[in-house]
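Topology and contacts: notes
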Amino acid sequence: MENLFSHPESEPESSQGGGNDLEPLIVSVVVPSNVSHAFQGFTDHPHLWWPLEEESVYGAGSHVEFEENLILETAEDGRTSVWGTIDDWQPPLSFHASWYPAGTPLWSTEIRVVFSAVQGGTEVRLIHDGWEGAEDPAASRASYAEGWPRVLQRYARFMGGAVA
Amino acid sequence: MPRVRRLHAGDWQLLKNVRLEMLTDTPMAYVESLEAARRQTDTQWQERAAAMSGDASVTLVADGGGDGSRLCGLMRVVVKHPQDPERPLQAMLISVYVAPEHRGLGLADELLREACHAAAEELSAASLELGVHEDNSRAQAFYSRHGFETTGASRPYPQDTSKRELVMERRLP
């Protein structure tokens with residue numbers, strides 16, 4: 001796999017659809033854990049649940065971790081890919097990072113992940129914003145609109161949550 | 001002077017120990033908490049060491065303790081990927097650690113020289129970037145001695161957003 005969250009061919013309507021609809025992308029899941037455990041599950045062990053075979057640069061067999069202030073993927077052969085740079089770390093409630101989409105090194109987007117107590121556990125809400133700088137903002141947003149639910153559903157399953 | 005070498009997959013126990021030491025020494029430098037690192041299983045440490053020791057990786061360690069029973073230094077070079085093919089490749093220096101008893105004795109210099117060399121020769125990077133806390137003047141002076149300059153860029157320090165992390169960069173030969 002070459003690109004992180006790049007699924008242009010599977011979302012053919014995305015390039016024209018909506019046109020200027022570049023509002024923040026918001027995706028959430030509820031997991032049956034308290035806030036602290038939900039945050040730990042997300043940030044301690046991303047390599048245990050992240051669908052690397054689908055949503056990564058180097059594919060299955062690579063390793064993803066929070067290292068220093070980076071979200072870093074390392075391939076089996078040692079090549080690395082920095083997915084994001086964390087600039088606000090508020091355990092166990094939230095973190096914020098610049099996020100570098102695939103193939104677009106000249107701009108970055110922003111993600112914030114927020115963990116809040118709700119009935120039945122913790123809602124994990126991911127807000128992804130900053131599409132304007134992309135070559136094709138709508139297509140970038142659309143590929144993430146497809147990818148993030150897959151990622152969060154995998155996380156919810158890891159945390160023992162039912163996935164709709 | 002401790003020997004500087006590459007990390008091997010079989011070094012996972014040494015990696016675990018030095019990592020816990022780093023997180024204890026400067027918890028502010030890492031988003032990973034000491035508790036989180038302690039929760040990692042042996043299998044996870046083995047995976048981590050394997051990932052950090054692939055042929056295309058640059059993870060430098062320094063053997064310490066006389067018999068190599070511990071690591072007393074660590075530096076890792078990674079690349080941001082993908083990058084604009086029109087621009088020179090940029091690498092990043094992370095996971096910098098030198099055990100307290102080895103500070104000021106040249107080990108950090110040797111690790112950094114080797115990191116710069118490997119970044120240029122093995123990763124074909126044209127520059128090496130790093131982040132340093134705005135109040136850490138000692139580290140800034142160290143990097144300046146090795147040709148790094150502040151780029152003017154900075155970002156909030158994740159664990160204390162009232163502080164900034166300054167970006168320093170050096171061109172590689």
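The UniProt entry for chain A carries this comment under Sequence similarities (unreviewed entry): "Belongs to the AHA1 family."

As a further point, take the overall build of chain A. Across its full length, chain A holds three helices and seven strands. In sequence order, chain A lays out its α and β elements as β-α-α-β-β-β-β-β-β-α. Per-residue burial for chain A yields a buried fraction of 45% across its 164 residues. A separation threshold of at least 6 residues defines the contact pool for chain A, and within that pool the share at least 24 residues apart is 54%.

Moving on, we come to the interface of chain A and chain B. In this complex, chain A contributes 30 residues to the contact, which on the side of chain B involves 30 residues. Listing elements by their share of the side of chain A that touches chain B, those giving two or more residues are helix H1 (35-44), strand E2 (63-67), strand E3 (70-74) and strand E4 (80-90) of chain A. Tallying contributions element by element places E4(A) first for the side of chain A that touches chain B, with eight residues. Looking at side-chain class alone, the side of chain A that touches chain B contains twelve nonpolar, ten polar and eight charged residues.

Counting residues in hydrophobic clusters, the biggest one holds 80 residues, and the most contacted among them are Val124(A), Val77(B), Ala91(B), Leu93(B), Ala115(B) and Ala119(B). Among the elements that take part in this core, helix H4 (residues 107-121) of chain B stands out by supplying eight residues, more than any other. With sequence-adjacent residues up to four places away left out, Leu93(B) is seen in contact with Met75(B), Val77(B), Ala115(B), Leu128(B) and Leu130(B).

What follows is about the sheet that holds strand E3 (residues 70-79) of chain B. All names here are of chain B. Taking strand neighbours across the sheet as the criterion, the seven strands line up as E1-E2-E3-E4-E5-E7-E6 in an open arrangement whose pairing is mixed. Looking along the sheet, the strands with just one partner apiece sit at the ends: strand E1 (4-6) and strand E6 (149-157). The mean angle between the axes of side-by-side strands here comes to 30°, regardless of whether they run parallel or antiparallel. The pairing of strand E5 (residues 127-133) with strand E7 (residues 160-171) spans seven bridges and is classified as antiparallel. Residue Leu130 lies in a different strand from E7, and its bridge partner there is Met168. The sheet contacts of helix H1 (residues 12-25) involve E3 and strand E4 (90-98), and relative to E3 the element is tilted by about 90°.

Attention shifts here to the environment of Leu93(B). Residues and elements named next belong to chain B. Summarising the element assignment, Leu93 is placed in strand E4. Among the residues examined, Leu93 registers 26 C-beta atoms within 10 Å and is labelled buried. Considered as a pair, Leu93 and Val78 are 15 residues apart in the sequence and their alpha carbons are 6.5 Å apart.

What follows covers the environment of Thr109(A). Residues and elements named next belong to chain A. For Thr109, the position within the fold is in strand E6 (residues 109-118). In sequence terms Thr109 and Phe158 are 49 residues apart; their C-alpha atoms lie 26 Å from each other. Residues in contact with Thr109, not counting those within four places in the same chain, are Trp99, Pro101, His128, Asp129, Gly130 and Trp131.

With that out of the way, let us pick up the confidence of the model for chain B. Averaged over all residues, the pLDDT of chain B equals 92, while 98% of them reach at least 70. Both scores are given for the predicted complex: the pTM is 0.88, the ipTM 0.87.

With 22 residues, helix H3 (residues 137-158) of chain A should cover 32 Å at 1.5 Å per step; its first-to-last C-alpha distance of 31 Å lies within 8% of that length. Looking one or two residues beyond H3(A), the residue adopting positive phi is Gly160(A), at roughly 85°.

Okay, unusual backbone geometry next. The linkage connecting Pro91(A) with the following residue, Pro92(A), adopts the cis geometry, with an omega of 0°. Along the chain, Pro92(A) falls in the loop between E4 and strand E5 (94-99). Its identity is not glycine, yet Ser95(B) carries a phi of approximately 55°, on the positive side.

As a further point, take the environment of Lys16(B). Its place among the elements puts Lys16(B) in helix H1. Residues Lys16(B) and Asp42(B) lie 26 residues apart in sequence; the distance between their C-alpha atoms is 8.7 Å.

For the rest of this paragraph, the subject is the sheet that holds E5(A). All names here are of chain A. Taken in spatial order, the seven strands of this open sheet run E1-E7-E6-E5-E4-E3-E2, and their pairing is antiparallel. At either margin of the open sheet sits one strand with a lone partner, and together these are strand E1 (25-31) and E2. Between one strand axis and the next, the sheet turns by 25° as a mean value, whatever way the strands run. Pairing geometry for E4 and E5, over six bridges, is antiparallel. Each residue of the ladder has a partner; that of Asp88, found in E5, is His96.

So, how was this worked out
Residues numbered from 1 in each chain as written. Chains lettered and ligands numbered in written order. Predicted model: local features only at pLDDT ≥ 70, side-chain atom pairs only at ≥ 80, totals over all residues. UniProt positions renumbered as here; feature names shortened; annotations may be inferred. Helix = DSSP H or I, 4+ residues; strand = E, 2+ residues; numbered from the N terminus. Buried ≥ 20, exposed ≤ 12 C-beta atoms within 10 Å, placed from the backbone. Contact = placed C-beta atoms within 7 Å. Nonpolar A, V, L, I, M, F, W, Y, C, P; charged D, E, K, R; others polar. Core = buried A, V, L, I, M, F, W, Y, C linked by C-beta atoms within 7 Å. Pairing = 2+ DSSP bridges. Axes fitted to C-alpha atoms, helices over the stretch in contact; angles between N-to-C directions. pLDDT = per-residue confidence, 0-100. Expected span 1.5 Å × (residues − 1).

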